[in-house]
Amino acid sequence: MNKLRLEGYVIVSADGMLADSHNVMPAALKFPGDAVFFSDALDSADLIVHGRNSYEDQPNSPKRRRIVVTRKVAALAPDTEKPLSTLWNPAGASFEAACEAAGVTAGRVAIIGGPVVFDMFMDRYDTFFLSLAPHVSLPGGEPCFTTVGPGRSPQQVLTAHGYSPANQLMLDPAHDVSVTAWKRPA
């Protein structure tokens, strides 16, 4: 499916967490600059992919075509609660089949989590946008990748999968929040 460009998006705390110990993204990880970057990226994406606990909850969210990764269906099914959503069980159908069911066979795909969903595409991203809030710590929180933990940062996980930091953009200078585009060598 080389017509699709896969991009990951996440903001993490200094300890690599995307949510707190209750599996909720806390206010401490919400910064206006990152919110604008994320919203603009999703507005320009052709398809959003996420798990059952991830949802961007923005004004344009209901207008976005999406795939929700779930075990609630055997393979593929329309989401009766969200008209532009397709439910996908990776055990029953390929990603390509899910994209086709969602009506998207070319363009930008934004993968927005959670950890298991991010891991599924680890060797397929064209770019992974890792936003970092270096002054926030979420002990006992939910890591952005399943292999993040004591002694293993998100950056180390991306490096281990062949990604390199390509460029960095400061999103919130007052809090040192930045986003780094991690890419595979061409």
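As a reminder, the structure under discussion sits directly above these lines.
To start, this report covers the structure provided alongside it.

How each quantity is defined
Each chain carries its own residue numbering, running from 1 in the written order of its sequence. Reporting in this predicted model follows two pLDDT cut-offs: at least 70 for local features of residues, and 80 or more for side-chain atom pairs to be given and counted; totals over whole chains, interfaces and linings ignore these cut-offs and use all residues. Computation of side-chain values: all heavy atoms of the structure, hydrogens and water removed. Under the DSSP-based scheme used, a helix requires at least four consecutive residues in state H or I and a strand at least two consecutive residues in state E, with every element numbered from the N terminus. Relative accessibility under 20% of the residue-type maximum defines a buried residue, over 50% an exposed one, and the middle range a partly exposed one, all with a 1.4 Å probe and only protein chains included. Whether two residues touch is decided by their heavy atoms; if any such pair falls within 4.5 Å, the residues are in contact. Under the pairing criterion, centres of Phe, Tyr and Trp rings, with the six-membered ring standing for Trp, must be within 6.5 Å; the plane angle then separates stacked pairs below 30 degrees from edge-to-face pairs above 60, leaving the rest tilted. By definition here, charges over rings are those cases where NZ of Lys or CZ of Arg is within 6 Å of the ring centre and within 35 degrees of the ring normal. In what follows, salt bridge is the name for a side-chain nitrogen of Lys or Arg lying within 4 Å of a carboxyl oxygen of Asp or Glu.

1. Concerning the environment of L6
Okay, step 1: Tracing the chain through its elements places L6 in strand β1 (residues 4-13).
Okay, step 2: Its relative accessible area of 4% is what places L6 among the buried residues.
Okay, step 3: Here the alpha-carbon distance between L6 and H175, two residues 169 residues apart in the chain, equals 29 Å.
Okay, step 4: Ignoring any residue separated from it by four or fewer positions in sequence, one finds L6 in contact with F95, V109, F121, R124, Y125, D126 and T127.

2. What to know about the environment of D172
Okay, step 1: Relative to the elements of secondary structure, D172 occurs in strand β10 (residues 164-172).
Okay, step 2: Judged by relative accessible area, D172 falls into the buried class, the value being 11%.
Okay, step 3: Measuring from C-alpha to C-alpha, the distance between D172 and P83 comes to 35 Å, with 89 residues separating the pair along the chain.
Okay, step 4: When sequence neighbours within four positions are dropped, the list of residues in contact with D172 reads F31, P32 and V177.

3. Examining the packing of aromatic side chains
Okay, step 1: Within the structure shown, the criterion is met by 13 aromatic pairs.
Okay, step 2: Ring centres 5.6 Å apart and planes at 50 degrees place the aromatic pair W88 and F95 in the tilted group.
Okay, step 3: On the accessibility criterion, F95 (4% relative accessible area) is buried.
Okay, step 4: Geometrically, the ring pair formed by Y125 and F128 is edge-to-face, given 5.0 Å between the ring centres and 80 degrees between the ring planes. Here Y125 and F128 have matching classes, each one buried.
Okay, step 5: Through successive ring pairs, a cluster of aromatic residues spans W88, F95, F118, F121, Y125, F128, F145 and Y163.
Okay, step 6: The ring of Y163 carries R184 above its face, with NZ or CZ at 4.3 Å from the centroid.

4. Remarks on the pattern of salt bridges
Okay, step 1: Within the structure shown, the criterion is met by five salt bridges.
Okay, step 2: Measuring nitrogen to oxygen at the nearest pair gives 2.7 Å for the salt bridge that ties R108 to E7. Pair noted here: R108 is in strand β7 (residues 107-111) and E7 is in strand β1, with a separation of 101 residues, a long-range link.
Okay, step 3: On the basis of relative accessibility, which here comes to 5%, the residue E7 falls in the buried class.
Okay, step 4: R64 is the partner of D43 in a salt bridge, and the nearest nitrogen-oxygen pair spans 2.6 Å. With D43 in helix α1 (residues 32-44) and R64 in the loop between β3 (47-51) and β4 (66-69), this residue pair connects regions lying 21 residues apart in the sequence.

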